[in-house]
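Residue-level structure breakdown
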Amino acid sequence: MATEEQMYEQLNKGLNDGDEAKSLEATHWLVDNGVNPVEILEEGMAKAMFILGERWKRGEVFLPEVVVSAEVFKKCNAIVEPELAKMGEAKASSLVVMLTVKGDLHDLGKNMVGAMLKTSGFEVHDLGKDVPTDKVIAAVEELKPAIVGMSALLTTTVPQQQVVIKALKKNGLRDKVKVMVGGAPVTQEWADQIGADGYAPSAPEAVEMAKQLIGKA
Ligand code: B1M
């Protein structure tokens, strides 16, 4: 009889090896055995990708392998997300426009934040990844969201979060929308420096921050 610990281990190894069968088997097991989906995403999947990143830095894996792992991650996510939806709370009925900034193709974390926001009743409009600043401005003008959430995973693209905030100011939109930033290299200090309204280091904390920003914490 498998244990939760063994299945977390299998999921971690599966994602690190890009082993779809093992990863999906472990994800299904965890879901079927009632493990909290937020925990599967954070403690299982996100942690495994962080470990993969460390191995990549040490030259133990290479880009094509990371691409495969990211694809497997998305398939695991497709199993966990419907479980998240079942946890849905009362509608916060506020719109969040989510995006990964220009030049950045990392979207797994952004998608996770979006999914958890939906679970908490937020409406999420996802602009995707590598999103140019003018597209963000157009979306804020047209959709009038309560929050713009920007993800950035590269030290070279994190400055784009500031570019967007400056563009919001220039277009007279800054006081009409709250700005939340995140992504692995982003810090509270950076958020303060660029005048963002909120920062969160993880998806569950992003939900709490979003609630604070709309006054529903
Ligand atoms: Co890239 N990559 N990558 N990568 N990648 C990193 C980020 C890196 C740290 C790896 C490393 O060297 N250790 C490194 C960046 C180094 C740096 O900037 N100094 C790196 C590099 C260098 C690159 C390329 C340049 C490699 C190359 O081409 N030579 C290239 C860049 C492409 C581009 O964007 N232009 C590249 C490409 C890729 C892949 C396409 C192969 C793939 C992405 C696939 C995809 O996203 N669809 C990939 C991956 C998978 C990674 C790592 C391994 C994992 C990232 C991830 O998905 N983590 C990553 C290593 C690492 O981060 N340590 C790495 C899981 C995800 C759930 O976590 O996104 O952090 P994360 O999200 C978290 C929190 O940050 C937070 O909540 C999430 C859940 O808790 N959060 C928010 C995220 N967004 C938020 C927004 C919020 C609030 C919280 O409010 C709005």
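**Brief notes about the pairing of strand β1 (residues 95-100)**
Counting buried positions along β1 yields six of six residues, so the element is predominantly enclosed. Neither face of β1 is exposed, since Leu95, Val97 and Leu99 on one face and Val96, Met98 and Thr100 on the opposite face are all buried. Relative to strand β2 (residues 123-126), β1 runs parallel, the two being bridged by four bridges. In the strand pairing of β2, Val97 is matched with His125. As defined by bridge partners, β1 adjoins strand β3 (residues 147-151) across five bridges and the pair is classed as parallel. Across the sheet, residue Met98 finds its bridge partner in β3, namely Gly149.

**Quick word on the sheet that holds β3**
Spatially, five strands are ordered β2-β1-β3-β4-β5 in an open sheet, and the strand pairing comes out parallel. Among the strands making up the open sheet, the edge pair consists of β2 and β5 (198-199). Strand direction decides the pairing type here: β3 and strand β4 (residues 178-182), joined by five bridges, are parallel. Paired with Met150 across the strands is Val181, a residue of β4. Docked against the sheet, helix α6 (residues 133-143) engages β1, β2 and β3, running at close to 170° with respect to β1.

**Thoughts on a negative patch on the surface**
A grouping of Glu4, Glu5, Glu9 and Glu39 is seen on the molecular surface, where their side chains present a negatively charged patch. It is helix α1 (residues 4-17) that contributes the most residues to the negative patch, three residues altogether. Relative to the helices and strands, Glu39 is located in helix α3 (residues 37-57).

**Notes on the coordination of the cobalt atom of the ligand**
Counting protein donors around the cobalt atom of the ligand gives one, His106 (NE2), at 2.1 Å. Looking at where His106 falls in the secondary structure, it is placed in the loop between β1 and α5 (108-119).

**What about the site of the ligand?**
Around the ligand, the surrounding shell holds 37 residues, and the nearest of these are Glu42, Leu105, His106, Asp107 and Ser151. Backbone polar atom of Thr155 to an oxygen atom of the ligand: 2.8 Å apart, as the coordinates give it. Between the ligand and the protein, one listed contact pairs an oxygen atom with a backbone N or O atom of Ala184 at 3.3 Å. Looking at the shell around the ligand, the elements with two or more residues in it are α3, α4 (63-86), α5, β3, β4 and α9 (203-213). In terms of residue count, α3 provides more of the shell around the ligand than any other element does, seven residues in total. Classifying every residue of the shell around the ligand gives 22 nonpolar, 10 polar and five charged.

**Points about the pattern of salt bridges**
Two side chains that carry opposite charge are able to pair once their charged atoms sit near each other. Inspection of the entire model under this criterion finds 12 salt bridges. Close ionic contact of Glu60 with Arg55 constitutes a salt bridge, the shortest N to O distance being 3.7 Å. Three or more residues are tied together by salt bridges with common partners; here these are Arg55, Arg58 and Glu60.

About the thresholds
Residues numbered from 1 in each chain as written. Predicted model: local features only at pLDDT ≥ 70, side-chain atom pairs only at ≥ 80, totals over all residues. Heavy atoms only, no water. Buried < 20%, exposed > 50% of the residue type's maximum accessible area, 1.4 Å probe, protein only. Helix = DSSP H or I, 4+ residues; strand = E, 2+ residues; numbered from the N terminus. Pairing = 2+ DSSP bridges. Contact = heavy atoms within 4.5 Å. Axes fitted to C-alpha atoms, helices over the stretch in contact; angles between N-to-C directions. Patch = residues over 30% accessible without salt bridge, like charges linked within 9 Å, V, L, I, M, F, W, Y side chains within 5 Å. Areas by Shrake-Rupley, 256 points an atom, 1.4 Å probe, with all protein chains shown as cover. Salt bridge = Lys/Arg side-chain N within 4 Å of Asp/Glu carboxyl O. Lys, Arg positive; Asp, Glu negative; His and termini not counted. Charge placed at Lys NZ, Arg CZ, Asp CG, Glu CD. Donors = N, O, S within 2.8 Å, 3.2 Å for Na, K, Ca; no water. Near = heavy atom within 4 Å. Polar contact = N/O pair within 3.5 Å; in protein donor to acceptor, adjacent residues only side chain to side chain. Nonpolar A, V, L, I, M, F, W, Y, C, P; charged D, E, K, R; others polar.

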